[in-house]
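Architecture and fold: a report
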Amino acid sequence: MDSSSAAMDALLKQFERLQKPIDLVQTLHERQVKEVPARYILPSDQRPSPPLQVQQSLPVIDLAGLEDIDQRFTIVSKIAQASQEWGFFQIINHGIPLSLLESVKGVSQDFFHLSLEEKRKQCPVRPGIHMLEGYGRFFDISDDTVLDWVDALVHYISPEWAKAVEHWPKTPSTYRETYEKYGEEIMGLIEKLLGLLSEGLGLDPNYIQTLDKEPLLQLRINYYPPCPQPDLVNGLRPHSDGDLLTVLLDDGVDGLQVRKDEQWFTVVPVPGSLIINIGDLLQIVSNGKYKSAEHRAVANTNENRMSIVMFLSPQDDVLIGAAPDLIDEAHPSLYKAIKAEEYGTVYMSQDVQGKGPLAALLIDQAKQVNV
Ligand SMILES: O=C(O)CCC(=O)C(=O)O
Ligand SMILES: [Fe+2]
């Protein structure tokens with residue numbers, strides 16, 4: 001079976017599973033269940049332990065002054081350092097109007113506040129371009145999969161041929177125009193960030209961007225209702241993102257945790273900021289210099305939480321391998337080069353936790369301790 005039919009097969013299998021009548025977590029919350037159903041309960045050794053109370057938080061990087069050569073240099077160093085140490089950073093003064101961020105959160109909330117029936121009618125889950133798209137639960141891969149305490153809405157934002165606007169929510173009526181605008185802004189921001197990230201590796205500022213002229217931008221809105229027993233579940237299971245770069249907008253409620261030095265750190269929301277993280281494919285391109293960090297979301301008892309996540313990936317036939325300028329005798333290529341599509345297949349079709357798919361590409365696993 002070639003990789004695209006394997007991908008389709010995996011998608012259809014997951015799609016079939018979704019036909020089983022399992023309540024979405026928003027419904028469980030509305031029904032005020034006191035105990036979470038068995039399919040959400042993690043084995044005791046996998047439950048989210050409290051993160052350490054250490055005074056270490058994600059770097060917050062101010063992008064103001066990028067046009068000034070000296071300031072640009074400082075920003076590039078900060079971004080490179082954060083990408084190496086954390087694989088995550090928060091940015092402020094990113095240039096996207098704060099009023100637009102508020103509108104994006106507003107239309108997303110409004111969609112999730114529609115009735116279950118209405119959400120399903122407007123955005124039924126369907127096998128999409130590379131994964132299931134629509135509104136529902138995701139990553140229900142087998143009967144043994146422990147489900148996450150999250151519902152989500154997934155669709156493409158760009159390019160034009162992938163976005164299928166007719167499948168985006170119709171209600172609220174400003175949803176589509178708001179996300180069209182946000183998508184344009186995010187693409188502009190990503191272009192800037194890829195330039196800075198390329199420079200941070202000592203590469204031509206256009207290097208990462210030229211990997212693909214027309215990348216795919218996908219949206220996932222995660223909606224985590226309050227959970228009666230948050231210590232027993234994952235909000236979203238530990239994973240690293242399988243893309244190049246991710247931009248996350250939070251709603252001010254804690255929940256995202258990042259793994260660094262074998263410990264979990266809570267990301268403290270910063271008003272007006274965006275959270276950026278390195279995806280697996282950029283870890284490959286940077287020959288392991290930038291880290292695609294494991295992260296997860298934890299549930300809580302009191303509040304709804306929403307995260308609005310944009311994933312940037314190259315198109316299917318783009319070959320992803322270490323940048324040639326980053327390879328020499330002292331730094332051999334760490335990963336096998338792989339087509340973006342094939343990586344997507346591996347990533348989507350396994351019941352993966354953590355960084356399994358990336359580790360599978362290591363050329364010499366014996367030499368690598370810290371993927
Ligand atoms: O909800 C969050 O903060 C994390 C979301 C996330 O990691 C994802 O959607 O890939
Ligand atoms: Fe993620």
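Residues numbered from 1 in each chain as written. Chains lettered and ligands numbered in written order. Predicted model: local features only at pLDDT ≥ 70, side-chain atom pairs only at ≥ 80, totals over all residues.

As annotated in an unreviewed UniProt entry, the protein chain carries the name Fe2OG dioxygenase domain-containing protein and is attributed to Picea sitchensis. Of the comments in the UniProt record for the protein chain, the one headed Sequence similarities (unreviewed entry) reads "Belongs to the iron/ascorbate-dependent oxidoreductase family." (UniProt positions renumbered as here; feature names shortened; annotations may be inferred.)

Further remarks concern the overall build of the protein chain. For the protein chain, the helix and strand inventory stands at ten helices and 15 strands. Summarising its shape, the C-alpha atoms of the protein chain cover approximately 60 × 45 × 45 Å along the three principal directions. Here the protein chain holds 371 residues, and 44% of them are scored as buried. Put simply, 77% of the contacts in the protein chain that link residues at least 6 apart link residues at least 24 apart. (Helix = DSSP H or I, 4+ residues; strand = E, 2+ residues; numbered from the N terminus. Buried ≥ 20, exposed ≤ 12 C-beta atoms within 10 Å, placed from the backbone. Contact = placed C-beta atoms within 7 Å.)

Below, the discussion takes up the UniProt feature "domain: Fe2OG dioxygenase" (unreviewed entry) in the protein chain. As recorded in UniProt, the sites labelled "domain: Fe2OG dioxygenase" (unreviewed entry) are residues 215–314. With 6% helix and 45% strand, the stretch residues 215–314 has end C-alpha atoms that lie 5 Å from each other.

The next point concerns the sheet that holds strand β9 (residues 256–260). Pairing within the open sheet is antiparallel, and its four strands lie in the order β7-β12-β9-β10. The open sheet has two free edges, formed respectively by β7 (236–239) and β10 (263–266), since each of these has just one partner strand. Strand-to-strand twist across the sheet, computed as the mean angle between neighbouring axes with direction ignored, equals 20°. (Pairing = 2+ DSSP bridges. Axes fitted to C-alpha atoms, helices over the stretch in contact; angles between N-to-C directions.)

Around ligand 1, a shell composed of R220, N222, L236, D241, L248, G255, L256, H295, A297, S307 and V309 is seen. Only β6 (216–224), β12 (295–297) and β13 (305–313) provide two or more residues apiece to the shell around ligand 1. Here the residues of the shell around ligand 1 are counted per class, giving five nonpolar, four polar and two charged. (Near = placed C-beta within 6 Å. Nonpolar A, V, L, I, M, F, W, Y, C, P; charged D, E, K, R; others polar.)

Bringing the sheet that holds strand β3 (residues 126–127) into the picture now. Spatially, the nine strands line up as an open sheet ordered β1-β2-β11-β8-β13-β6-β5-β4-β3, and their pairing is mixed. On the outer flanks of this sheet lie β1 (60–62) and β3, each paired with one strand and no other. Relative to strand β4 (residues 132–136), β3 runs antiparallel, the two sharing two bridges. Opposite R126, over in β4, you have E133 as the bridge partner. Along the sheet, helix α7 (residues 175–200) makes contact with β5 (151–158), β6, β8 (245–250), β11 (274–278) and β13, crossing β8 at roughly 130°.

Among soluble globular proteins, nonpolar side chains are generally buried collectively. Among the nonpolar cores identified, the biggest contains 99 residues, and F89, W149, L245, I276, L281, V285 and M310 are the most heavily contacted of them. Among the elements that take part in this core, α7 stands out by supplying nine residues, more than any other. For F89, the residues in contact, after removing those within four places along its chain, are L58, P59, I61, I79, A82 and I276. (Core = buried A, V, L, I, M, F, W, Y, C linked by C-beta atoms within 7 Å.)

Each α-helix winds once per 3.6 residues, and so residues spaced three or four apart point in a common direction. End to end, helix α4 (residues 98–112) covers 21 Å across 15 residues, agreeing with the expected 21 Å (1.5 Å per residue, within 8%). Looking only at α4, the buried set comprises L101, V104, V107, S108 and F111. End-on, the buried residues of α4 take up no more than an arc of 135°, which puts them together on one face. Among the exposed residues of α4, those pointing more than 90 degrees away from its buried face are L98, S99 and E102. Of the surrounding secondary structure, the elements contacted by the buried residues of α4 are α5 (116–122), β5, α7, β6, β8 and β13. (Expected span 1.5 Å × (residues − 1). Arc of directions from axis to C-beta.)

In the segment running from S158 into P159, the intervening peptide bond is cis, with an omega of 0°. Turning to its location among the elements, P159 is positioned in the loop between β5 and α6 (160–163). Of note, the amide linkage connecting T171 to P172 takes the cis form, showing an omega dihedral of 0°. Inspection of the secondary structure assignment puts P172 in the loop between α6 and α7. One non-glycine residue, N93, lies in the positive phi region at around 50°. If you trace the backbone, N93 turns up in the loop between β2 (88–92) and α4. The backbone of E262 shows a phi angle near 65°, a positive value even though the residue is not glycine.

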